[in-house]
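# Architecture at a glance
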Amino acid sequence: METGLIGLPSAGKTTIFSALAGGAAGGAGGGRRSRIAEVAVPDERIGKLWELFPTAKRTYATVVIKDMAVQAGEKGALTPAALAEMRTLDALALVIRAFLDPAVPHPLESVDPVRDLRRLLDSLSFADYAVAETRLERIVKEGKKSGKEYQLLEQLSARLAEGGLISGAGLNPDELRLISGFSFLTAKPLLLIVNEGESTVEVAPVLKQARTLGLDLFVIHGRQEMEIAQLPREEQQAFLADLGLEAPTSDRFLRQLYHSLKLISFLTAGEKDVRAWSLPRGSTALKAAGRIHTDLEKGFIRAEAIAFEQLVSEGGFAQARKSGTLRLEGKEYVVQDGDVLTIRFNL
Ligand SMILES: Nc1nc2c(ncn2[C@@H]2O[C@H](COP(=O)(O)OP(=O)(O)OP(=O)(O)O)[C@@H](O)[C@H]2O)c(=O)[nH]1
Ligand SMILES: [Mg+2]
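Residues numbered from 1 in each chain as written. Chains lettered and ligands numbered in written order. Predicted model: local features only at pLDDT ≥ 70, side-chain atom pairs only at ≥ 80, totals over all residues. Heavy atoms only, no water.

The next thing to look at is the overall build of the chain. What the chain contains, in helices and strands, is 14 helices and 12 strands. Relative to the globule expectation of 20 Å for 347 residues, the C-alpha radius of gyration of the chain, 23 Å, shows essentially globular dimensions. Projected onto the principal axes, the alpha-carbon positions of the chain cover approximately 65 × 60 × 35 Å. In the chain, which comprises 347 residues, the share counted as buried stands at 48%. When contacts within the chain are restricted to residue pairs at least 6 apart in sequence, long-range pairs at least 24 apart make up 68% of them. Total accessible area on the chain is roughly 17300 Å²; 52% of this is exposed by carbon and sulfur atoms. (Helix = DSSP H or I, 4+ residues; strand = E, 2+ residues; numbered from the N terminus. Rg over C-alpha atoms; globule rule 2.2 N^0.38 Å. Buried < 20%, exposed > 50% of the residue type's maximum accessible area, 1.4 Å probe, protein only. Contact = heavy atoms within 4.5 Å. Areas by Shrake-Rupley, 256 points an atom, 1.4 Å probe, with all protein chains shown as cover.)

Right, dumping it as structure tokens:
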């Protein structure tokens, strides 16, 4: 799962990237090349499971964050190259500057989060509009105007022309499947990051705008949180408390991102490995097996499943099997967050 940080120049993308990647990434600065970081998703269940399997290696689920290279022209419109790169991503995090700092010039000369958000969204909507129109023309040429695809694209195109987002169009699964090949940007999960800094303009209007559009929200003090993230974990708490925050930036962000991406984690546990795996919410046991290895999906027989809390309170698989809390589930079973799965397979 790859999430790109996008925004106007100097909005704080690289600063926020560093706060998310912690010690793993270098300092801020403009970038011509995109940088990526694979960030472990904190999960206290791993530590608790590990107590049952103290010889095991512990592995966390991860998400990939990408600090996208220079993306915007003078007026804040995204470049075609940047838009093409964005199509390959699973989600977009829109970084909007709200911090005031005369030492950091704003490319549009004033700090105005509502305007900047509108610019970014317009770029995305317009890019999708162009894709939809190109396809519509093609369908007309092929004489297939009566089909479902034409109708749907026409409806979406009208929405996009007004700066609307596909994600807010309330499409059903069939319709989503019909347009999945176009990699529409405004159909992706969009998460708004408002960078308040230590001194900020009023953010209420941009938060209100985001809620109206149905965007998920994350507020950050970019530079301060980046500095805190570079400290050893034990020293971070006191500084975070000063900012009124209870958890490090990356923890809070990843929780939000997991929610925005509609992901859950399932777990696997044994003498060798204790591990968390991310999975789209609503996925079946068969999909979960495939997440671990394609062989497990191909040769899938059954999944042994138990809720994490139950396994811990039973004290291990043997006890859970004896008491009957370890269930056998088939390939259609919908995996729940925190399920500990053992896949039985045969090739
Ligand atoms: N005062 C203040 N400055 C910040 C904050 N966040 C970022 N900056 C500064 O703003 C400048 C731009 O930040 P970057 O993180 O490089 O912004 P960017 O979006 O990556 O910029 P480009 O890669 O050039 O598009 C840097 O000098 C940062 O130190 C903040 O919260 N407060
Ligand atoms: Mg940068």
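Picking up after the structure, the text goes on.
Near ligand 1 there are 19 residues, and of these Lys13, Thr14, Thr15, Asp101 and Glu198 occur at the shortest range. A distance of 3.0 Å is found between an oxygen atom of ligand 1 and a backbone nitrogen or oxygen belonging to serine 10. Against a free-state accessible area of 640 Å², the protein chains account for coverage of 86% of ligand 1. Of all elements in the fold, only α1 (13-21) and α8 (222-229) reach the threshold of two or more residues within the shell around ligand 1. The biggest single contributor to the shell around ligand 1 is α1, with three residues. Class assignment of the residues belonging to the shell around ligand 1 gives a composition of five nonpolar, 10 polar and four charged. (Near = heavy atom within 4 Å. Polar contact = N/O pair within 3.5 Å; in protein donor to acceptor, adjacent residues only side chain to side chain. Nonpolar A, V, L, I, M, F, W, Y, C, P; charged D, E, K, R; others polar.)

Time to look at the domain arrangement of the chain. Each domain of the chain was delimited in the assignment, giving domain 1 (2-260) and domain 2 (282-345). In this structure, domain 1 and domain 2 have C-alpha centres spaced 33 Å apart. Facing five residues of domain 1, the contacting portion of domain 2 comprises nine residues. For the domain 1 and domain 2 pair, buried surface summed over both sides reaches about 590 Å², with 81% attributable to carbon and sulfur atoms. Considering only the side of domain 1, the residues that lose the most area to domain 2 are Arg45, Leu49 and Leu52, jointly responsible for 74% of the buried surface there. At the surface where domain 1 touches domain 2, the tally comes to one salt bridge. The shortest N-O distance in the salt bridge between aspartate 337 and arginine 45 comes to 3.2 Å. Put simply, domain 1 and domain 2 have one residue pair in polar contact (both at pLDDT 80 or more) between them. (Domains from an automatic or database assignment. Buried area = accessible area lost by both parts, 1.4 Å probe. Salt bridge = Lys/Arg side-chain N within 4 Å of Asp/Glu carboxyl O.)

Take the side chain of threonine 268 next. Following the sequence through the fold, threonine 268 ends up in strand β8 (residues 263-269). Since its relative accessible area comes to 13%, threonine 268 is described here as buried. Reaching out from threonine 268, the side chain makes a polar contact with the side chain of tryptophan 277 at a distance of 3.0 Å. The residues contacting threonine 268, other than those within four sequence positions of it, are Asp273, Val274, Arg275, Trp277, Ile292 and Leu341.

Turning next to the pattern of salt bridges. Counting across every chain of the model gives 20 salt bridges. Taking the shortest distance from any N to any O, the salt bridge between lysine 66 and glutamate 85 comes out at 3.1 Å. On the criterion of sequence distance, the pair formed by lysine 66 in strand β4 (residues 62-67) and glutamate 85 in helix α3 (residues 80-87) is long-range, its members being 19 residues apart. Residue lysine 66 is classed as buried on the basis of its relative accessible area, which comes to 13%. Its relative accessible area of 25% is what places glutamate 85 among the partly exposed residues. Between arginine 223 and aspartate 101 there is a salt bridge, and its shortest N-O distance comes to 3.9 Å. With arginine 223 in helix α8 and aspartate 101 in the loop between β5 (91-97) and α4 (113-141), this residue pair connects regions lying 122 residues apart in the sequence. Residue class for arginine 223 comes out partly exposed when judged on its relative accessible area of 42%.

Moving on, we come to unusual backbone geometry. Working note: non-glycine residues mostly have negative phi, and peptide bonds are mostly trans. Phi at glutamate 109 takes a positive value of approximately 70 degrees, unusual for a residue other than glycine. Looking at the secondary structure, you find glutamate 109 in the loop between β5 and α4. Here glutamate 109 falls in the exposed class, since its relative accessible area comes to 75%. Even without a glycine there, the phi angle at serine 183 is positive, about 50 degrees. By secondary structure assignment, the location of serine 183 is in the loop between α6 (173-179) and β6 (190-195).

A few words now on the environment of isoleucine 65. Relative to the helices and strands, isoleucine 65 resides in strand β4. Using a relative accessible area of 2% as the deciding quantity, one classes isoleucine 65 as buried. Once residues within four sequence positions are removed from consideration, isoleucine 65 is found in contact with Thr3, Leu5, Phe17, Leu20, Arg35, Ile36, Ala37, Val39, Phe253 and Leu257.

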